[in-house]
Amino acid sequence: MIKGLFILLLFQSLGEAIHRFAHVPVPGAVIGMMLLFLSLPFFGALSDDLASASSHLIRHMSLLFVPAATGFIFYLLHSQNQTLPILAVVSLGTVIVIVVTALVMKNLVRGSYKPENGASKVPENDH
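It should be emphasised that the depicted structure is a prediction, and the values quoted were computed from it without experimental measurement. (Residues numbered from 1 in each chain as written. Predicted model: local features only at pLDDT ≥ 70, side-chain atom pairs only at ≥ 80, totals over all residues. Heavy atoms only, no water.)

(A) Region of the structure containing the overall build of the protein. The secondary structure content of the protein amounts to five helices and zero strands. The N-to-C order of helical and strand elements in the protein reads α-α-α-α-α. Across the 127 residues of the protein, 12% fall into the buried class. Relative to all contacts within the protein whose residues are 6 or more apart in sequence, the contacts with residues 24 or more apart total 34%. (Helix = DSSP H or I, 4+ residues; strand = E, 2+ residues; numbered from the N terminus. Buried < 20%, exposed > 50% of the residue type's maximum accessible area, 1.4 Å probe, protein only. Contact = heavy atoms within 4.5 Å.)

Shown next as C-alpha cells:
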C-alpha cells in the first residue's frame, strides 16, 4: 500500500509541477490524475498496491467534502444577495455531471457486455 500511495503522490506532484511551471488553468491534482489515467495502459493491469491505496482513499472520500461544504455554507450566509444564483448554478452543475456520467457509463458498459449463449448484445427491457 505504501508503494501505491507513493505512486499517487508522485503523479499529484507531477501535476502540481506542470500547473506551476506551465501556468495551466487546471488544478495540479487534476493534471496528475489525468497523467495517471493516461499512463495506466502502458503498465498493463492495475498494480495491487495502487488498487489498495486507491480503495482506501475512496472509502474515506466523504471526509474530503467537509471543508468544501463548510466553505459553501459560510459563503451563502455572508452573501445573501447571491444565494439564489449560487444555488441554481450548483444544482444545474450537479444535474449536468449526473447526466454526463450516466451517458459515459452507458456507452462504456454497452461495449463490455459479452453474452455467453450468443444472445443479443444488449438485453431488452421487459417494461
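Now that the structure is up, let's keep going.
(B) Local environment of the confidence of the model for the protein. Scored by pLDDT, the protein has a mean of 82; 87% of the residues are at 70 or more. Helix H1 (residues 2-22) holds the highest mean pLDDT among the elements of the protein, 92, whereas helix H4 (residues 65-78) holds the lowest, 76. (pLDDT = per-residue confidence, 0-100.)

(C) Quick look at the packing of H1 against helix H2 (residues 28-39). Two numbers describe how H1 lies on H2: the axes approach to 7 Å, and their chain directions differ by 125°. In terms of their interaxial angle, H1 and H2 are classed as oblique. H2 is crossed by H1, and the crossing has right-handed handedness. Residues Ile7, Leu8, Phe11, Gln12, Leu14, Gly15, Glu16, Ile18 and His19 of H1 form the contact with H2, whose own contacting residues are Gly28, Ala29, Ile31, Gly32, Leu35, Leu36 and Ser39. Classifying every residue of the contact of H1 with H2 gives nine nonpolar, six polar and one charged. (Axes fitted to C-alpha atoms, helices over the stretch in contact; angles between N-to-C directions. Parallel < 35°, antiparallel > 145°, perpendicular 65-115°, else oblique. Left-handed = near helix turned anticlockwise from the far one by under 90°. Nonpolar A, V, L, I, M, F, W, Y, C, P; charged D, E, K, R; others polar.)

(D) Focus on H4. The terminal C-alpha atoms of H4 lie 20 Å apart, and with 14 residues this matches the ideal 20 Å at 1.5 Å per residue to within 8%. Burial within H4 is sparse, with just one of its 14 residues counted as buried. (Expected span 1.5 Å × (residues − 1).)

(E) Fine view of a nonpolar patch on the surface. A cluster of nonpolar residues, Leu92, Ile96, Val100, Val104, Met105, Leu108 and Val109, forms a patch on the protein surface that exposes about 650 Å² of accessible area. Inspection of the secondary structure puts valine 100 in helix H5 (residues 83-112). (Patch = residues over 30% accessible without salt bridge, like charges linked within 9 Å, V, L, I, M, F, W, Y side chains within 5 Å. Areas by Shrake-Rupley, 256 points an atom, 1.4 Å probe, with all protein chains shown as cover. Salt bridge = Lys/Arg side-chain N within 4 Å of Asp/Glu carboxyl O.)

(F) Region of interest: the side chain of serine 39. The topology assignment puts serine 39 in helix H2. Here leucine 36 takes part through its backbone oxygen, which lies 2.8 Å from a polar atom of the side chain of serine 39. (Polar contact = N/O pair within 3.5 Å; in protein donor to acceptor, adjacent residues only side chain to side chain.)

(G) Quick look at unusual backbone geometry. The backbone of histidine 23 shows a phi angle near 55°, a positive value even though the residue is not glycine. For histidine 23, the location among the structural elements is in the loop between H1 and H2. Note on histidine 23: relative accessible area 67%, which makes it exposed.

(H) The arrangement of the packing of H1 against helix H3 (residues 48-59) in detail. Across the interface, H1 lies against H3 with an axial gap of 7 Å and an inter-helix angle of 75°. By the angle between their axes, H1 is roughly perpendicular relative to H3. Facing Lys3, Gly4, Leu5, Ile7 and Leu8 of H1, the residues of H3 in contact are Asp49, Leu50, Ala53, Ser54 and Leu57. Residues that form the contact of H1 with H3 fall into these classes: six nonpolar, two polar and two charged.

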